[in-house]
Amino acid sequence: MPNAAAVSNEILRPHLEINGESRLFGKLRVSGAKNSALVLMTAALLTEEKVKLLNLPQLTDIEGMSNILVNMGVKSSRKLGEIELQAEEINNSEPPYELVHELRASFFCIGPLLGRLGKAKIPLPGGCRIGARPVIEHIRGLKALGAVVNVEHGVVKASVPGIKRKLKGASIVFDCPSVGATETVLMAAVLAEGTSTIENAAQEPEVQDLAKMLNCMGARIRGAGGPTITVEGVESLHGCEYEVIPDRIEAGTLLIAAAITRSPLQIFPVIPKHLRAVLQKLTDCGCKIKVDQETVFIHPEEIIGVDITTQPFPGFPTDLQAPFMALLSTAKGTSVVTEKIYENRLQHVSELQRMGASIRVQGNTAVIEGVPQLSAARIVASDLRSAAAMVLASLAAKGTSRLEGLDHLDRGYENLEKKLNFAGANIKRND
Ligand code: UD1
């Protein structure tokens, strides 16, 4: 039997109380893209001048990255939705483990530090709950540019030999189109001597966004968004003001919220071409979708099962697999979801099952038999995107769910419950 103190601690654990059988309506605003903003912040290390980012989402991951940069000597000032970063002097190229271990994107600092200073020591971010997440491709790319890289005691130590400590342009072919490795090598190559080509590069919109900002800073990058990127190294970069793209994963999550509650909703601003795979699957499911410039109108009707396989962009994004599975749990018929990017990204299945979903898992494939109604439960999120999936499942379920693990949700969704409440949901946060 748990004692009284343990029970009261449990009650105090931060959680959301989510009323089910919600109906949503209206127009919801999408925040700036977390995965773009994080890497754009590290790109500020490449210049002595001021870099101002607009449309910055307010997230704990952004806070974490800002702390890492400040620890390196970067001046940072923030207003709502904006940050100014100035890396006039970088007095520490070795961020401490305590700051980086919770934030994988912190590893991306290695590229700009090597480009600008010719040295960096970054603790390995380590694996995470969804998979091992190696950084071999990042290291291979940096070595090709002339860096000496060793991993000792869990720290990646990289330096550029020679008096000038300058990286040299090179031709790099990635074994897999890693988003982080493409971004790391891109940021290292912009200040290298000579021309670099990256083949089998990641084509994600966040890579394009980074290349666009770097070009605004004076870099010479061509081909970002395609499989081959060419970078002509330049002597130095200057400051810039740059607006982060809308978050395609948040936009997708809100569209799925509409679908799972069978509610018509408008989502804006979006860049429709970033959402093609998701909009296609929602259409296949039975949702009517209309796109007008920066707004998506979704009108869900009967939801029917579809099959999904996660893939690099422009395929269906792994970051929306969990939310979409919540939707498919309520669909008519059978769906098959195959996770191809991460080896351990089906952890939401057991929580969805606790809510009455009928799901069988074999390896990285889940077979989902839709049920007419999910039921509210006490649930715990184990990673960022399962947290979103749990919120969506709870919106549809009968009864009031209690969701713990909010630290995951707050890493990547700005005010999710406030936005959903604005559209008619009834979610209460108990911190
Ligand atoms: C980024 C996103 C993350 C998203 C992922 C895939 C950020 C901050 N995060 O993560 O939200 O889920 O892209 O779209 O932008 N791999 C290797 N060797 C490597 C590097 C990666 O095998 O050296 C593999 C990984 O194990 C994984 C796949 O490549 O299976 C994709 O990883 P990657 O594209 O590197 O993801 P991240 O950049 O970490």
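These lines cover the structure that appears in this document, whether it is placed above or below. (Residues numbered from 1 in each chain as written. Predicted model: local features only at pLDDT ≥ 70, side-chain atom pairs only at ≥ 80, totals over all residues. Heavy atoms only, no water.)

### Remarks on the state of the cysteines
What is meant by a disulfide is a covalent connection between two cysteines, made through their sulfur atoms.
Then comes step 1: Evaluated as defined, the whole model comprises zero disulfides.
Then comes step 2: Cysteine cysteine 285 shares no disulfide, and the gap to the nearest cysteine sulfur, in cysteine 287, comes to 5.9 Å.
Then comes step 3: We classify cysteine 285 as buried; its relative accessible area is 0%. (Disulfide = S-S within 2.5 Å. Buried < 20%, exposed > 50% of the residue type's maximum accessible area, 1.4 Å probe, protein only.)

### Considerations on unusual backbone geometry
Then comes step 1: A cis amide bond, omega -15°, links phenylalanine 268 with the succeeding residue proline 269.
Then comes step 2: On the secondary structure map, proline 269 appears in the loop between β14 (265-268) and α10 (276-285).
Then comes step 3: Located in the positive-phi region is glutamate 21, a residue other than glycine, with phi close to 50°.
Then comes step 4: Looking at the element boundaries, glutamate 21 is found in the loop between β1 (15-19) and β2 (27-29).
Then comes step 5: Unusually for a residue other than glycine, asparagine 55 sits at a positive phi of about 60°.
Then comes step 6: You can see asparagine 55 is positioned in the loop between β3 (50-54) and α3 (60-71). (Helix = DSSP H or I, 4+ residues; strand = E, 2+ residues; numbered from the N terminus.)

### Quick notes on the layout of surface pockets
Then comes step 1: If you add up the space inside the second largest pocket, you get close to 380 Å³.
Then comes step 2: Contributing elements (two or more residues each) for the lining of the second largest pocket: β2 and α15 (416-422).
Then comes step 3: Mapped onto the domain boundaries, the lining of the second largest pocket takes at least three residues apiece from domain 1 (4-31 + 246-430) and domain 2 (34-243). (1 Å grid on protein atoms, 1.4 Å probe; cavity = no way out; pocket = protein on both sides within 12 Å on 5 of 7 lines; lining within 4 Å. Points joined across faces, edges and corners; volume = space filled by probe spheres on them. Domains from an automatic or database assignment.)

### What to know about the site of the ligand
Then comes step 1: The ligand sits among 16 residues. The nearest are Glu137, Ser178, Val179, Asp319 and Ile341.
Then comes step 2: Proline 134 places a polar main-chain atom, nitrogen or oxygen, 3.4 Å from an oxygen atom of the ligand.
Then comes step 3: Expressed as a share of its isolated accessible area of 740 Å², the protein-covered part of the ligand is 83%.
Then comes step 4: Breaking the shell around the ligand down by element, the ones donating at least two residues are α6 (136-144) and α7 (179-189).
Then comes step 5: Residue classes in the shell around the ligand are distributed as seven nonpolar, four polar and five charged.
Then comes step 6: Here the shell around the ligand spans two domains, since at least three of its residues come from each of domain 1 (4-31 + 246-430) and domain 2 (34-243). (Near = heavy atom within 4 Å. Polar contact = N/O pair within 3.5 Å; in protein donor to acceptor, adjacent residues only side chain to side chain. Areas by Shrake-Rupley, 256 points an atom, 1.4 Å probe, with all protein chains shown as cover. Nonpolar A, V, L, I, M, F, W, Y, C, P; charged D, E, K, R; others polar.)

### A word on empty space enclosed by the protein
Then comes step 1: If you walk through the whole model with that rule in mind, you get three cavities of 30 Å³ or more.
Then comes step 2: Considering the residues around the largest cavity, the lining is formed by Arg248, Ile249, His274, Leu275, Arg276, Ala277, Val278, Phe313, Pro314, Gly315, Pro317 and Leu320.
Then comes step 3: Of all elements in the fold, only α9 (248-260) and α10 reach the threshold of two or more residues within the lining of the largest cavity.
Then comes step 4: Within this model, the second largest cavity holds a volume of roughly 40 Å³.
Then comes step 5: Lining the second largest cavity, in full, are Ala33, Lys34, Asn35, Glu206, Asp247, Arg248, Ile249 and Arg385.
Then comes step 6: Along the lines of polarity and charge, the residues of the lining of the second largest cavity split into two nonpolar, one polar and five charged.
Then comes step 7: In terms of domain composition, the lining of the second largest cavity takes at least three residues from each of domain 1 (4-31 + 246-430) and domain 2 (34-243).

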